Amino acid sequence: MRMKKFSVTIAGGGSTYTPGIVKLLLNNLDKFPLRQLKLYDNDKERQDIVADACEIIVKEMAPEVSFTTTTDPEEGFSDIDFVMAHIRVGKYAMREKDEKIPLKYDVIGQETCGPGGIAYGMRSIPGVLEILDYMEKYSPEAWMLNYSNPAAIVAEATRKLRPNSKILNICDMPVGIESRMAKAIGLKSRKEMDVRYYGLNHFGWWTDIRDKEGNDLKPRIIEYVKEHGYDVGDHHDASWQHTFQIAKDVQALDSETLPNTYLKYYMYGDQEVAHTDKNYTRANMVMEGREKNVFSECNRIVEAGTSEGTNLKAGDHASYIVDLARAIAYNTHERMLLIVENKGAINNFEETAMVEIPCLVGANGYEPLAQGNIPRFQKGLMEQQVAVEKLVVEAYIEKSYQKLLQALTVSKTVPNAEIAKQILDELIEANKDFWPELH
Ligand SMILES: NC(=O)c1ccc[n+]([C@@H]2O[C@H](COP(=O)([O-])OP(=O)(O)OC[C@H]3O[C@@H](n4cnc5c(N)ncnc54)[C@H](O)[C@@H]3O)[C@@H](O)[C@H]2O)c1
Ligand SMILES: O=P(O)(O)OC[C@H]1O[C@H](O[C@H]2[C@H](O)[C@@H](O)[C@@H](O)O[C@@H]2CO)[C@H](O)[C@@H](O)[C@@H]1O
Ligand SMILES: [Mn+2]
């Protein structure tokens, strides 16, 4: 029987991740056949650079796949089966402000955590809702696989404002860390492991890791992490190297679990601030690194007229989103971490929290796996953090200054309400072109 060929739109076509995802999709046509691939962005100039290179890549790797690029919503979202969404509202210029404003007050400056993540969330909510509404208007049967950050706040906003939408919110940090865990103990792939994990996005823990015969791998991985963190000797850039190494300090807080790397910002915020150059943050590194490299490589491909010898490659980001699309397309019931409404999966935690837990994924969406009760340590931390996420979404919906001040004040990353207010007032000014006017 001939396999159905799918139509995919990448929303945020000008993303630095787009070429990698396009290459991975074209390298997996046997597993996930495509008839059409579209790029959609609201910035034509930016997207065209990526699209012109991707057009050459598609022509050379799979000329039978129709490739188009557009900034027109009707063209971008019609006749599609999946939207792979990775938009960055405000782009890196705003990420830089998200990171540098809190640092002025000796508070962590981070893309998705703390005040930076709150500011980013207030920008991302309307952007993601906009593309989700386009998808539902022009391709009502399609699924949105959303990577756009901050995934925790975007997920809470889509739960509250689009409860019936076909959107799955995902993150590739656990995937990236699991690849490191596997390498640390000599496995070929993270897919040789079955994991139990729970938390909020960028705020979670592994509780059980087994091989396919059911043997417990967690003790060996913990032993490695106690020594090396998640550093497995690869040459990731320095800031990520530090992140992977410091995981050993985060793991030391709970001998029974293995932490998501993002927990360092909540457990060791002051040390992170001390370790950060307030004038040169991660946003600067990525603008001078990934963004510059991807765009110059796209330009090089266009000038050369061929993608032969390109260094553009897919990351965990890409492989995970293709696995997810396949699970839906072929009803595989693959076990994957998703950010979903708790509804009792974590028995002693808020029902409506958007939790990151293993789910079985198939044609009709996901089925969360029960996690039972979580310990006091994690429960206490997660209660505080989920309050931040919910207060941000309420602040957005109600246009409430007070709720957003409460979100910052509740955050474990902000020392007191006075500093919360000072940071908030600066973020309001910096985001005046993006946030709703608060009162
Ligand atoms: N979920 C995860 O674990 C994960 C992993 C990696 C990256 N990401 C996220 O993926 C996104 C893309 O990352 P990047 O570094 O490539 O960003 P980028 O800035 O390079 O690209 C983002 C693109 O989105 C476009 N965009 C912004 N607002 C838009 C809107 N309203 N409609 C359509 N397009 C819009 C921009 O014009 C830009 O071309 C970010 O949100 C990033 O945080 C998430
Ligand atoms: O600072 P950045 O922009 O390089 O990365 C921020 C993102 O970091 C995580 O994604 C990682 C992923 O976990 C890792 O395996 C590899 O693929 O690199 C990705 C991006 O560098 C995190 O999950 C994302 O939410 C962040 O946006
Ligand atoms: Mn993530």
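Notes on the structure in this doc start here. Position labels on residues start from 1 in each chain and follow its written sequence. Chains carry letters and ligands carry numbers; both start at the beginning, A for chains and 1 for ligands, and go up in the order they are written. Note on the predicted model: pLDDT of at least 70 is required for a residue's local features to be given, and 80 or more for side-chain atom pairs to be given and counted; whole-chain, interface and lining totals, by contrast, use all residues. The side-chain figures draw on all heavy atoms in the structure; neither hydrogens nor water molecules are used.

## Here's the deal with the side chain of Lys218
- Structurally, Lys218 is set in helix 8 (residues 218-228).
- Comment: no salt bridge for buried Lys218; closest opposite-charge side chain is Glu256, at 4.3 Å.
- Note on contacts: a residue pair is in contact if any heavy atoms of the two residues lie within 4.5 Å. Residues contacting Lys218, with those up to four places away along its chain left out, are Thr207, Asp208, Ile209, Glu256 and Leu258. The helix and strand labels rest on DSSP assignments: H or I over at least four residues marks a helix, E over at least two residues marks a strand, and numbering proceeds from the N terminus. Between buried and exposed lies partly exposed: a residue is buried under 20% and exposed over 50% of the maximum accessible area for its type, with that area taken using a 1.4 Å probe on protein chains only. Charged residues are defined narrowly, with Lys and Arg counted positive, Asp and Glu counted negative, and His plus the chain ends left uncounted. One side-chain nitrogen of Lys or Arg within 4 Å of one carboxyl oxygen of Asp or Glu is enough to make a salt bridge.

## Concerning the coordination of the manganese ion (ligand 3)
- Sodium, potassium and calcium take a 3.2 Å donor cutoff, other metals 2.8 Å, and in both cases only N, O and S atoms count; water is not among them, so sites may look incomplete. Every protein donor of the manganese ion (ligand 3) is listed here as Cys171 (SG) and His202 (NE2), and their distances to the metal cover 2.2 to 2.4 Å. Taken together, the residues Cys171 in the loop between strand 6 (167-169) and helix 7 (173-184) and His202 in the loop between strand 7 (193-200) and strand 8 (203-211) connect sequence positions 31 residues apart.
- Classification of His202 as buried rests on a relative accessible area of 6%.

## Quick word on the pattern of salt bridges
- Enumeration over the complete set of coordinates arrives at 32 salt bridges.
- With a closest N to O distance of 3.2 Å, Lys390 and Glu156 form a salt bridge. You can see Lys390 sitting in helix 14 (residues 376-398) and its partner Glu156 sitting in helix 6 (residues 151-161), a full 234 residues away along the chain.
- Overall, Lys390 belongs to the buried group, its relative accessible area being 10%.
- A residue is classified by how much of its surface remains accessible, and Glu156, at 2% relative accessible area, is buried.
- Among the salt bridges present, the one from Asp323 reaches Arg190, with a minimum N-O distance of 3.9 Å. Here Arg190 lies in the loop between helix 7 and strand 7 and Asp323 lies in helix 13 (residues 316-330), a separation of 133 residues in the sequence. For the pair Asp323 and Arg190, a shared accessibility class is recorded, and that class is buried.
- Overlapping salt bridges bring together Arg88, Arg95, Glu99 and Glu111 as one network.

## Quick look at the site of ligand 1
- The rule for a residue being near a molecule or strand is that one of its heavy atoms must lie within 4 Å of it. Surveying the vicinity of ligand 1 reveals 27 residues, the closest of which are Ser15, Asp41, Arg46, Tyr92 and Tyr120.
- Counting of polar contacts relies on pairs of N or O atoms within 3.5 Å, with two restrictions inside protein: one atom must be capable of donating a hydrogen and the other of accepting it, and residues adjacent in sequence are counted only when both atoms are side-chain atoms. With respect to ligand 1, the side chain of Asn149 contributes an N or O atom lying 2.9 Å from an oxygen atom.
- Contact between ligand 1 and Arg290: an oxygen atom at 3.4 Å from a side-chain N or O atom of the residue.
- Protein burial of ligand 1: of its 860 Å² of free accessible surface, 96% is covered by the chains.
- Side-chain classes follow a simple rule in which Ala, Val, Leu, Ile, Met, Phe, Trp, Tyr, Cys and Pro form the nonpolar group, Asp, Glu, Lys and Arg form the charged group, and the remainder, Gly included, forms the polar group. In terms of residue class, the shell around ligand 1 is built from 9 nonpolar, 9 polar and 9 charged. Exposure was quantified through the Shrake-Rupley algorithm and a 1.4 Å probe, taking into account, for residues, occlusion by the shown protein chains and nothing else.

## Details of the side chain of Glu178
- Mapped onto the fold, Glu178 is located in helix 7.
- Looking at Glu178, the relative accessible area reads 5%, which means it is buried.
- Among residues more than four places away in sequence, those in contact with Glu178 are Arg190, Met193, Val195, Trp206 and Leu337.

## Quick word on the packing of aromatic side chains
- Here is the rule: rings of Phe, Tyr and Trp (six-membered ring for Trp) pair when centre to centre is within 6.5 Å. Planes less than 30 degrees apart are stacked, more than 60 are edge-to-face, and the remainder are tilted. A complete count under the given rule lists 13 aromatic pairs for this structure.
- Both rings, one in Tyr198 and one in Trp205, keep their centres 6.0 Å apart while their planes meet at 40°; by these two values the pair is tilted. For the pair shown, Tyr198 and Trp205 are each scored as buried.
- The interplanar angle of 75° and the centroid separation of 4.8 Å between the aromatic rings of Phe203 and Tyr266 together place this pair among those described as edge-to-face. Of the two residues, Phe203 sits in strand 8 while Tyr266 sits in helix 10 (residues 264-267), which places them 63 residues apart along the sequence. Residue Phe203 shares its accessibility class with Tyr266, and that shared class is buried.
- The structure contains a cluster of three or more aromatic residues connected by ring pairs, namely Phe6, Phe32, Phe82 and Tyr330.
- Of note, Arg123 hangs over the ring of Phe434, and the distance from its end group to the ring centre comes to 6.0 Å.
- We call a charge positioned over a ring when the NZ of a Lys or the CZ of an Arg lies within 6 Å of the ring centre and within 35 degrees of the ring normal. Positioned over the ring face of Phe244 is Arg180, at 3.5 Å from the centre of the ring.

## Some words on the sheet that holds strand 8
- One requirement defines pairing of two strands: DSSP has to find at least two bridges between them. Ordered by their spatial adjacency, 3 strands build an open sheet running 7-8-9, and the pairing between neighbours is antiparallel. The two strands at the open ends of the sheet, each matched to only one other strand, are strand 7 and strand 9 (258-259).
- Both strand 8 and strand 9 contribute to a ladder of 2 bridges, which runs antiparallel. When the sheet's bridge partners are listed, Trp206 is paired in strand 9 with Leu258.

## Concerning the pairing of strand 8
- Among the 9 residues that make up strand 8, 7 are buried, leaving the element largely enclosed by the rest of the structure.
- The hairpin turn running from strand 7 into strand 8, its antiparallel successor, is 2 residues long, and His202 in that turn takes a positive phi close to 60°.

## Here we look at helix 9 (residues 238-251)
- To estimate how far a helix should reach, multiply one less than its number of residues by 1.5 Å. For helix 9, which comprises 14 residues, the first-to-last C-alpha distance of 20 Å matches the rise-based estimate of 20 Å (1.5 Å per residue) to within 8%.
- All of the buried residues in helix 9 are Trp240, Gln241, His242, Thr243, Phe244, Ile246, Ala247, Val250 and Gln251.

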